Each structure stands twice: as structure tokens, then as C-alpha cells.
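Tertiary structure, described
Each chain, written out:
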Amino acid sequence: MRIFARMHQLPPRLAAGAFILNSGFTKAGADEEAAKSTHGTAVSAYPFLRGVDPVAFTRMLSKTEMALGAALLTPAVPSLVAGAALTGFAGGLVGLYLRLPALRRPHSVRPSEQGLAIAKDVWLLAIGLGLVIEEWRACRRD
């Protein structure tokens, strides 16, 4: 496994990392109403989160986003590690999109107006998978 990111991996890592880091900082300042809204959306898709306090959930989500964003922005974090973390995180977002019918047009995977902000997270999943696949293939060649 390579320690430093390859040069061509930096643009997608920087784009995704900056976006996710900003999201984490935004959630860090969330008030109780915003925390309840974030938690409510998550619970609708993932009912096992129902027992988690909304403020604690939003703080945890914020810290997770900040850590993931920082990992992606740091070239010394191996792309396999950063890509695997991004794939897991983005998989949860895509799962949220697929589990909530109001985010999609009827009988379609195309996003509704409400779902557009979540549907675009498919690019995060693609970046994460691209990093993992490239590093996995490079490890198999070595």
C-alpha cells in the first residue's frame, strides 16, 4: 500500500475533502432544531438511530465529516484508507437517498426536487470506489 496519494488522485480527493469538511463545520454549529431535522431524516432511513439523541447524533456526524474531510485533504493518508472511508460514508448517503421515497420521482431513481441535494452524493461514492479499486489493483500487481 502506498503511503502518499498519487498526483492524479489529488484533485478528486481535494474536491471531496473540502466539500465534506465544510459540511462537518456547518453541522458543528447546528442548533437544536437543525439537529432534530438532521436526525429525523437519518432515522427515517435508518430506524436503528432512533434511540440516539439528536444533538449527540449531529455532533458525531459533524466530527465524522471533519475527520473524513481532513483525511482526504491530507496526501499522507493512503488513498486506500481514505477511499475506503469515503466509500463507507457515501454508501450511507446513497442508502439514505434510496430508502426515502420522497427524495425520488415516483417509480424512478431520478431525484425529486427535495432529493437533488442527496442524489448528487453518488459522485462521492464514485470517487471513493475509484480510489479503492486503483489501490487494490496496484497492490495485486506488486
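Anyway, here's the lowdown on the structure attached to this text. (Residues numbered from 1 in each chain as written. Predicted model: local features only at pLDDT ≥ 70, side-chain atom pairs only at ≥ 80, totals over all residues. Heavy atoms only, no water.)

**So, the overall build of the chain**
Stated precisely, the cut-off is as follows: Put simply, DSSP H or I for four residues or longer makes a helix, DSSP E for two residues or longer makes a strand, and each gets a number counted from the N terminus. Throughout this description, buried means an accessible area under 20% of the type-specific maximum (1.4 Å probe, protein chains only), exposed means over 50%, and partly exposed covers the range between. Residues count as neighbours in contact if any of their non-hydrogen atoms are within 4.5 Å of one another.
Helices and strands together make up the secondary structure of the chain, namely six helices and zero strands. Element order for the chain, N to C, with α for helix and β for strand: α-α-α-α-α-α. For the chain, the C-alpha atoms occupy an extent of roughly 50 × 35 × 25 Å along the three principal directions. Residues counted as buried form 39% of the 142 residues belonging to the chain. For the chain, contacts bridging at least 24 residues in sequence account for 67% of all contacts bridging at least 6.

**What to know about the side chain of Gln9**
Applied cut-off: Whenever two N or O atoms come within 3.5 Å, that pair is a polar contact, provided that in protein one can donate a hydrogen and the other can accept it, and provided that, for residues adjacent in sequence, both atoms are side-chain atoms.
Note that Gln9 resides in the segment before α1 (10-28). In terms of polar contacts, Gln9 uses its side chain to reach the side chain of Ser79, at 2.6 Å. For Gln9, the residues in contact, after removing those within four places along its chain, are Ser79, Leu131, Glu134 and Glu135.

**Here we look at the side chain of Thr87**
Assignment of secondary structure puts Thr87 in helix α4 (residues 79-99). When its relative accessible area of 19% is taken as the criterion, Thr87 is described as buried. Here Gly83 takes part through its backbone oxygen, which lies 2.8 Å from a polar atom of the side chain of Thr87. Residue contacts for Thr87: discarding those within four places in its chain leaves Leu125, Gly128, Leu129 and Val132.

**Things to note about the pattern of salt bridges**
Applied cut-off: For this analysis, a salt bridge means a side-chain nitrogen from Lys or Arg found within 4 Å of a carboxyl oxygen belonging to Asp or Glu.
Under the counting rule described, the total for this entry stands at five salt bridges. A salt bridge links Lys27 to Glu65, with the nearest nitrogen and oxygen atoms 3.2 Å apart. Of the two residues, Lys27 sits in helix α1 while Glu65 sits in helix α3 (residues 54-73), which places them 38 residues apart along the sequence. The salt bridge partner of Glu32 is Lys36, with a shortest N-O separation of 3.6 Å. Pair noted here: Glu32 and Lys36 are both in helix α2 (residues 32-45), with a separation of four residues, about one helical turn. Here Glu32 falls in the partly exposed class, since its relative accessible area comes to 48%. Accessibility expressed as a relative area gives 48% for Lys36, which makes it partly exposed. Among the charged side chains, a network of salt bridges with common partners joins Arg6, Glu134 and Glu135.

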